[in-house]
Amino acid sequence: MSGGEWLAEVKSGLRGAVAWRGDRTDEHRYADVTGWWRRPALLGQLGPALAHLFDGEQPTVVVGPESRGCLLGPLVALRFDAGFVEVRKNRVASSDSDAWLQRTTPPDYRDRHLTLGFRRSLVGGGDRVLFVDDWIETGGQAHGAHRLVEDAGATWLGAATVVDALSSHQVRRHLKVRSLLHVREL
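Calculation criteria
Residues numbered from 1 in each chain as written. Predicted model: local features only at pLDDT ≥ 70, side-chain atom pairs only at ≥ 80, totals over all residues. Heavy atoms only, no water. Helix = DSSP H or I, 4+ residues; strand = E, 2+ residues; numbered from the N terminus. Expected span 1.5 Å × (residues − 1). Bend = angle between axes of the 7 residues up to and from the residue. Buried < 20%, exposed > 50% of the residue type's maximum accessible area, 1.4 Å probe, protein only. Salt bridge = Lys/Arg side-chain N within 4 Å of Asp/Glu carboxyl O. 1 Å grid on protein atoms, 1.4 Å probe; cavity = no way out; pocket = protein on both sides within 12 Å on 5 of 7 lines; lining within 4 Å. Points joined across faces, edges and corners; volume = space filled by probe spheres on them.

Draft legend 1. Structural detail: helix α3 (residues 40-52). An ideal rise of 1.5 Å per residue puts 18 Å on 13 residues; α3 measures up with 19 Å between its terminal C-alpha atoms. Along its length, α3 reaches its greatest deviation from straightness, about 30°, at Leu-46, and the proline Pro-48 lies no more than four positions downstream. Within α3, the full set of buried residues consists of Leu-42, Gln-45, Leu-46, Gly-47, Pro-48, Ala-49, Leu-50 and Ala-51.

Laid out in structure tokens, this is it:
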């Protein structure tokens, strides 16, 4: 199977495993992506498919926000033979010697400002960092992670997501977002 056929198969599997919850007119309608995790073949293809979006970039570390970025990020990190760092939400250091980098995000999809962070020792100046998550809608969490990567002195390669629901092309360009699907394809 060619690379294009393989990627088309992954995208088709993703579309088929999404269930929309709520009526089309319901303001709280959402895409339930839990079907992605239940299908072993699809789960096995997600890491390589997301890594494919950044072929040739060679990250040294992949970061992903809890919770779904922490499911996908390690799958991508393995593909690049890179490490993985969890971006924690609203966590604090356990002691004074536990140094963390932290940033508050712009509003996320629920209009919340989150405090994101990771241990200072986990990302450094020589690192090339790829952000991974399942869905990007406002870019708030990716923007917060981008600022953390800059604070660490590392290089931001971009954001690999399964679904791009951004309405702003400016945010997409700034964060270097590459996605397997656009929300309108679902």
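Draft legend 2. Local environment of the pattern of salt bridges. Applying the stated rule across the entire model yields 8 salt bridges. With a shortest N-O distance of 3.1 Å, Arg-21 and Asp-32 are connected by a salt bridge. Here the residue Arg-21 occupies a position in strand β1 (residues 19-21), and Asp-32 occupies one in strand β2 (residues 30-32), the gap between them amounting to 11 residues. With relative accessibility at 12%, the residue Asp-32 sits in the buried group.

Draft legend 3. Layout of the layout of surface pockets. Of the pockets and cavities examined, the largest pocket occupies roughly 890 Å³. What lines the largest pocket is a set of 31 residues, and nearest its centre among them are Arg-68, Tyr-109, Arg-110, Trp-135 and Glu-137. Elements with a contribution of two residues or more to the lining of the largest pocket: β2, α4 (68-80), β7 (128-136) and α5 (140-151). Looking at the lining of the largest pocket element by element, the count peaks at 5 residues for β7.

Draft legend 4. Representation of unusual backbone geometry. Between Glu-66 and Ser-67 the backbone carries a cis peptide bond, its omega angle lying at 15°. Considering the arrangement of structural elements, one finds Ser-67 in the loop between β3 (61-65) and α4. The phi dihedral of Lys-176 is positive, around 55°, even though this residue is not glycine. Look at Lys-176 and you get partly exposed, because its relative accessible area is 43%.

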